[in-house]
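Results of the structural survey
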Amino acid sequence: MIIISGCQKDFSKILAMNNKAERIFGYNTAELINHPMTKLQPLVYGFAHDDFILNYVNAKRKINKDVHNFVWGKHKSGFIMPLVMDISPFVTFEYNLCFIAFCKRSIL
């Protein structure tokens with residue numbers, strides 16, 4: 001699980017993650033807190049990531065919670081890996097608007 005911010009102040013930055021995400025991506029949580037989510041994505045996908053979040057925040061695009069999303073992730077070593085991701089918007093007192101992503105490795 002990875003939680004990223006949807007707020008303007010720290011937009012698209014990693015707020016929290018669990019130990020399963022640490023194992024998938026090869027980073028410990030302290031290495032990623034307050035870093036952009038694009039650090040865990042191949043460069044070509046990272047360019048579009050912030051626009052995707054902005055489209056949701058501006059109500060131009062909806063997140064379909066019933067569909068598992070196939071995405072590419074980038075391990076700390078630079079290895080590009082296939083992932084299945086479920087994402088949900090969430091509002092909390094601590095983080096305000098955020099997105100919670102549940103990731104697992106895919107075998108394609």
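Coordinates for the structure precede this section.
Notes on the structure follow. As the structure is a computational prediction, the values presented were derived from the model and not from experiment.

What to know about unusual backbone geometry
Located in the positive-phi region is Ser12, a residue other than glycine, with phi close to 65°. By the element assignment, Ser12 lies in the loop between strand S1 (2–5) and strand S2 (14–17). Residues other than glycine seldom take positive phi values, yet Asn34 does so here, at roughly 70°. Looking at where Asn34 falls in the secondary structure, it is placed in the loop between helix H2 (29–32) and helix H3 (43–57).

Examining the nonpolar core
One finds Ile2, Ile14, Phe25 and Leu40 to be the most contacted residues of the largest nonpolar core, which totals 18 residues. At the level of elements, S1, S2, helix H1 (19–25), strand S4 (80–92) and strand S5 (96–105) are the ones that each hand at least two residues to this core. Per-element accounting of this core gives the leading share, four residues, to S4. If we skip the residues at most four places from it in the chain, Ile2 touches Ile14, Ala16, Met17, Ala21, Phe25, Met37, Leu40, Phe99, Ile100 and Ala101. Within the second largest apolar cluster, five residues are counted, among which are Ile3, Leu15, Ala16 and Ile100.

A look at the environment of Leu32
By secondary structure assignment, the location of Leu32 is in helix H2. Overall, the relative accessible area of 0% leaves Leu32 in the buried class.

Digging into the pattern of salt bridges
All told, the structure shown has one salt bridge when counted by the stated rule. For Lys76, the salt bridge identified is with Glu31, shortest N-O distance 2.7 Å. Taken as a pair, Lys76 in the loop between strand S3 (69–74) and S4 and Glu31 in helix H2 lie far apart in primary sequence, 45 residues in all. Overall, Lys76 belongs to the partly exposed group, its relative accessible area being 43%. For Glu31, a relative accessible area of 27% translates into the label partly exposed.

Cut-off values and rules
- Residues numbered from 1 in each chain as written.
- Predicted model: local features only at pLDDT ≥ 70, side-chain atom pairs only at ≥ 80, totals over all residues.
- Heavy atoms only, no water.
- Helix = DSSP H or I, 4+ residues; strand = E, 2+ residues; numbered from the N terminus.
- Core = buried A, V, L, I, M, F, W, Y, C linked by side-chain atoms within 4.5 Å.
- Buried < 20%, exposed > 50% of the residue type's maximum accessible area, 1.4 Å probe, protein only.
- Contact = heavy atoms within 4.5 Å.
- Salt bridge = Lys/Arg side-chain N within 4 Å of Asp/Glu carboxyl O.

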